[in-house]
Amino acid sequence: KQEVTQIPAALSVPEGENLVLNCSFTDSAIYNLQWFRQDPGKGLTSLLLIQSSQREQTSGRLNASLDKSSGRSTLYIAASQPGDSATYLCAVPYGGATNKLIFGTGTLLAVQP
Amino acid sequence: DTEVTQTPKHLVMGMTNKKSLKCEQHMGHRAMYWYKQKAKKPPELMFVYSYEKLSINESVPSRFSPECPNSSLLNLHLHALQPEDSALYLCASSARQGLMSEKLFFGSGTQLSVL
């Protein structure tokens, strides 16, 4: 059974700092891995999707890497801003399906001005 | 239009009430989803519709009844809910990326309280 965990559960950093969020999954037979952002009481916004054949994806100040063999992904946020404060979730498909996602436990990020 | 719209944003209902949650997207996506999210927990998949047909039901109790009237609309009918069903209900649609990936677009959710 696929399990997805994220470390740390919570993180507080000063504005301008570079940071790394971690995601681990137990079954490496995944088609892709997605990173999402969720603001309190709101829906999720897709940030990056990494195909299983890719090693990383970049969007602006965000860079996500994927190492299937070790069951790990990292989300790197450069020059953090208070507007980056949110919960960050990773997710992978499970059950052999492409459209059933299991989400990680999330990392609550607070960027202090 | 790149939005998934959910109504209502908040809903309070008694255990004997019948209510419906609504979701709409106009991105031409072929798949639509219902997720349930308890406080401080990750979302959990409930149902998936593909081409307007129910393709996945993650063993959800029958007091939750999904409906997909057309390719743009998704409803979740609620009846005889329990207080433990209180949660944020999220609708999503998806677009195919590559051969084996679906990129999800989420609505803002309906915060449901069952009294």
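To be clear, the structure that these remarks concern was listed above.
Treat the numbers as computed from the prediction; the structure is a model and nothing was measured. (Residues numbered from 1 in each chain as written. Chains lettered and ligands numbered in written order. Predicted model: local features only at pLDDT ≥ 70, side-chain atom pairs only at ≥ 80, totals over all residues. Heavy atoms only, no water.)

Asks: Please explain the sheet that holds strand β3 (residues 19–25) of chain A as it appears in this structure.
Replies: Hydrogen bonds along the backbone pair up the strands of a sheet, which may run parallel or antiparallel. Residues and elements named next belong to chain A. Spatially, the five strands line up as an open sheet ordered β1-β3-β8-β7-β6, and their pairing is antiparallel. Each edge of the sheet is formed by a strand with only one pairing partner; in this case those strands are β1 (4–7) and β6 (56–59). Geometrically, the sheet is characterised by an average inter-axis angle of 15 degrees between neighbouring strands, direction not taken into account. For strand β7 (residues 62–67) and strand β8 (residues 72–77), the ladder comprises six bridges, and the chain directions are antiparallel. Residue pairing for β8: Ala64 is matched across the bridge by Leu75. (Pairing = 2+ DSSP bridges. Helix = DSSP H or I, 4+ residues; strand = E, 2+ residues; numbered from the N terminus. Axes fitted to C-alpha atoms, helices over the stretch in contact; angles between N-to-C directions.)

Asks: Please clarify how the pattern of salt bridges should be interpreted in this entry.
Replies: Close approach of charged atoms allows side chains of opposite charge to pair. Residues and elements named next belong to chain B. Applying the stated criterion to the full structure yields seven salt bridges over all chains. Two residues, Lys36 and Asp85, come together in a salt bridge whose shortest N-O distance is 3.9 Å. With a gap of 49 residues between them, Lys36 in strand β4 (residues 31–37) and Asp85 in the loop between β8 (73–79) and β9 (87–96) connect regions that are remote in the sequence. In this structure, Lys36 and Asp85 share a single accessibility class: buried. Measuring nitrogen to oxygen at the nearest pair gives 2.8 Å for the salt bridge that ties Arg96 to Glu102. Among the residues examined, Arg96 registers a relative accessible area of 41% and is labelled partly exposed. A relative accessible area of 1% means that Glu102 is categorised as buried. A single network of salt bridges, built from pairs that share partners, joins Arg30, Arg96 and Glu102. (Salt bridge = Lys/Arg side-chain N within 4 Å of Asp/Glu carboxyl O. Buried < 20%, exposed > 50% of the residue type's maximum accessible area, 1.4 Å probe, protein only.)

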